[in-house]
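Chain residues, written in single-letter form:
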Amino acid sequence: MADQTVRVRFAPSPTGYLHVGGARTALYNYLYAKHTGGEFILRIEDTDEARSTEESMRMQIADLQWLGMKWSEGPDPDSLIDVGAYGPYRQSRRLDIYKEHAQRLLEEGQAYYCFMTDEEIEVQRQAAIQQGRPPQVNSPYRDWPIEKAQERLDKGDKAVVRFKVVEKRDYVLQDLVRGEVTFPSDMVGDFVLLRSTGMPVYNFCCVVDDALMKITHVFRAEEHLSNSLRQMMLYHAFNYPLPKFGHLSVVLGSDKQKLSKRHGATSCHDYAQNGYLPEALNNFVALLGWSSPAAQEILSMEELIAQFDYDRLNASPAVFDEQKLNWVNATHLRALPNEELWKRVEPFLNEAGLKLPADSGWRFRALDAFKTSMTTLKDAVELFRPLSETPVSIATESEEVLGFPTTRAVIEAWKAGIEQAGSDYLTEEQFNKLQDSIKDSQNVKGKQLFQPIRVAVIGKPQGTELKMLVPLMHKRTLLARADQVLSRIKG
RNA sequence: GUCCCUUUCGUCUAGAGGCCUAGGACAACUCCCUUUCACGGAGUAGACACGAGUUCGAAUCUCGUAAGGGACGCCA
C-alpha cells in the first residue's frame, strides 16, 4: 500500500471544447502521474444525455493531444476504442456496473426508491429555505420496504434511487491542498444516485469508477469540494478505500469572476487558433496555483514533470492574466529553433494566403528578423505580409512621412538604385551603400531618410530594421512597392 | 438562508514564529542600447483585508469581522 503506483485520472464531461481551467486540472494530474511514474487515465463523464456529445468528446481529446498529454488508459485518440484493463472508460458504457452497485445499496437498505414529483420537492425546498434550513428533501418513501416500491415500479411508475443519509457525524477530509476539512453529515439530504431514466448521477458514478479503476489521487476543481462529503458517504457505504483528494483553486477572469465564455477566449482551441504554443499554455496554466521550487517562470514539460508535486499547490483562486500568458508564449516562441518555428508558423501563413519563397535559408533569415517582434504565431502573418508580392495597405501613420517635402525625391532615388542592382536580391551591404548614396545625393538624414524608405518597403514607418528586411525582398517586389507608394503621393 | 473554502504589490506568487527594512515574475514607469519598432540590459514605484489574542517576537498560530468564491439539482 505504501509504495502503490499512483493512478490519477482526468474526467471531463464532453460538452464543448476543453476549457483552460480543465486543461489545468488535466495538467496537474498528468504531471503528478509522470512525476511519480504512475498512470494517467482519461475517463469520459457523459451521463448527462442532454449535453454530452461524441463530437465534444473528440474535440476534448484533440485539445488534450495538442497540449501533449498522453493517457495510458482511456479512449484511443484516433479510434476512440478503449485501451486499458479497467474499462470501459466512458460512463455511458458502464451503466450495468452502476446498476449493480445501486442494487447492492438498495438491498442493504442504504438506498431507496423515491417517487416524489418535482413539484413536491420544490414545495419542500421553499419551506426549508423559509425556515432557514438547508433545502433538503425529506422523502416519504425513505422507509418503504423494497417490495412495496417494487410493486409501484411494476405498475410503471417512475422513481429515482436515493442514498439514505443516516449517520449523524462529522466527516473529515484530509485534503492534499487544503489540509483538514470537516463536513457535518447533515450538510446534505438524501441525494439521487440513479435518475428515473436509470442514468446514474455524477457523485455516484464518480465514486464507483474511481474505486473500480483503482484511482489513488484525485486532483479536481474546488467546486467539487462539497461533493466530497457525498462521495465519502458512498465510499463508506461500499466499504471502498478512499483515494487522496486535492481540491484545486478556481481560475478567475480579470473581473475576479469565475472564468467563463464572457471573458472571451477561454478554450484551449481558441488559444491554438490564435497562435499560442501548447508548451506556453501548459507553462502558464501550471503557474496558476502552483509554483516551481526552483522559482522558474519558464518551464518545459520535462521541467514541469521533474518539479511538480502537490505540496506547492495553492488553495487561493487565481486570475488568468493574458499579459503574462503573452510573455510566456513569446519567450517559448523565441526559444524555438528556426526549423521548428517555421513548422508552427507555416499553417498561419498559408491560411492567410501569403506567397513566400520556399528556400529554407530565406525562411530562417526572415524568422531571425521577425521573431523578436512576435508574441504569437499568428503575428507572423502581418510581419511576413509585406514580403509577399501582393500590394500592401499603406498605414495611416505613413501619412506624415509621405508629407515630408523630400520624401518623393528619396523614394525615386531609392527606386533608381534598386533598378541598377545586378541581382534579384540586394545584400545587406548593397542596401547600406544605396542608403548612404541617397543620404548624400538628396541631402537628407535621420527620419527624413529612413522613414520614407521604410514606407516604400513595407507601407508603414515603423518595424523591423531595413537592413534585415530589404535583403529578404525580391527586386521586383521592391520596385512594385515603391511605385505603389509613389502613386499615393501624387494622389 | 445553511454549510464549506479563500484572502501577501494591478496580476501570478515566495514566505511553515525571529533570516522580512516582505523576495521573484508579468504589467507600468525611467534610463541605457538602437537613425524607427521590437529584443536585450539597468533601475523606480507597488502588497501581508481588518480587529483582538497567544508569544520576548507574528505575513506566518488562534478567535472574530469583512469581502470574494463554492455547494445545497433527476449538471458535472
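Small disclaimer: the values here were computed from a predicted structure and weren't measured.

The rules behind each value
Residues numbered from 1 in each chain as written. Chains lettered and ligands numbered in written order. Predicted model: local features only at pLDDT ≥ 70, side-chain atom pairs only at ≥ 80, totals over all residues. Heavy atoms only, no water. Helix = DSSP H or I, 4+ residues; strand = E, 2+ residues; numbered from the N terminus. Rg over C-alpha atoms; globule rule 2.2 N^0.38 Å. Contact = heavy atoms within 4.5 Å. Areas by Shrake-Rupley, 256 points an atom, 1.4 Å probe, with all protein chains shown as cover. Buried < 20%, exposed > 50% of the residue type's maximum accessible area, 1.4 Å probe, protein only. Axes fitted to C-alpha atoms, helices over the stretch in contact; angles between N-to-C directions. Parallel < 35°, antiparallel > 145°, perpendicular 65-115°, else oblique. Left-handed = near helix turned anticlockwise from the far one by under 90°. Nonpolar A, V, L, I, M, F, W, Y, C, P; charged D, E, K, R; others polar. Phe/Tyr/Trp six-rings, centres within 6.5 Å; stacked < 30°, edge-to-face > 60°. Lys NZ or Arg CZ within 6 Å of the ring centre and 35° of its normal.

Draft legend 1. Looking closely at the overall build of chain A. Counting secondary structure elements, chain A contains 20 helices and 13 strands. Expected size for 491 residues packed as a compact globule is a radius of gyration near 23 Å; at 32 Å, chain A overshoots this value by more than 25%. Along the first, second and third principal axes, the C-alpha set of chain A runs to 105 × 50 × 40 Å. Sequence separation of 24 or more characterises 74% of the internal contacts of chain A that already satisfy a separation of 6 or more. Accessible area for chain A stands at about 23,300 Å²; split by element, carbon and sulfur atoms hold 49% of it.

Draft legend 2. The arrangement of the environment of Pro243 in detail. Note that Pro243 resides in the loop between helix 7 (227-238) and strand 11 (244-248). For Pro243, a relative accessible area of 7% gives the class buried. For the pair Pro243 and Lys214, spaced 29 residues apart in sequence, the C-alpha separation works out to 8.4 Å. Here Pro243 is in contact with Ile215, Thr216, His217, Val218 and Tyr235, once residues within four sequence places are set aside.

Draft legend 3. Focus on the packing of helix 6 (residues 202-212) against helix 7. The interhelical angle for the contact between helix 6 and helix 7, taken along N-to-C directions, is 55 degrees, at an axis separation of 9 Å. Judged by the angle between their axes, helix 6 and helix 7 are oblique. In terms of crossing hand, the pair formed by helix 6 and helix 7 is right-handed. Residues Tyr202, Asn203, Phe204, Cys206, Val207, Val208, Asp210 and Ala211 of helix 6 form the contact with helix 7, whose own contacting residues are Asn227, Arg230, Gln231, Leu234, Tyr235 and Phe238. The class makeup of the residues in the contact of helix 6 with helix 7 is nine nonpolar, three polar and two charged.

Draft legend 4. Representation of the packing of aromatic side chains in the model. Summed over all chains, the structure comprises 20 aromatic pairs. Taking 5.8 Å as the distance between ring centres and 70 degrees as the angle between the ring planes, the aromatic pair formed by Trp342 and Phe384 counts as edge-to-face. Of the two residues, Trp342 sits in helix 12 (residues 338-351) while Phe384 sits in helix 14 (residues 379-384), which places them 42 residues apart along the sequence. Linked through ring pairs, Tyr98, Phe204, Phe238 and Tyr240 together constitute an aromatic cluster. When the ring centre of Trp144 is taken as origin, the NZ or CZ atom of Lys148, which lies over that ring, is 4.2 Å away.

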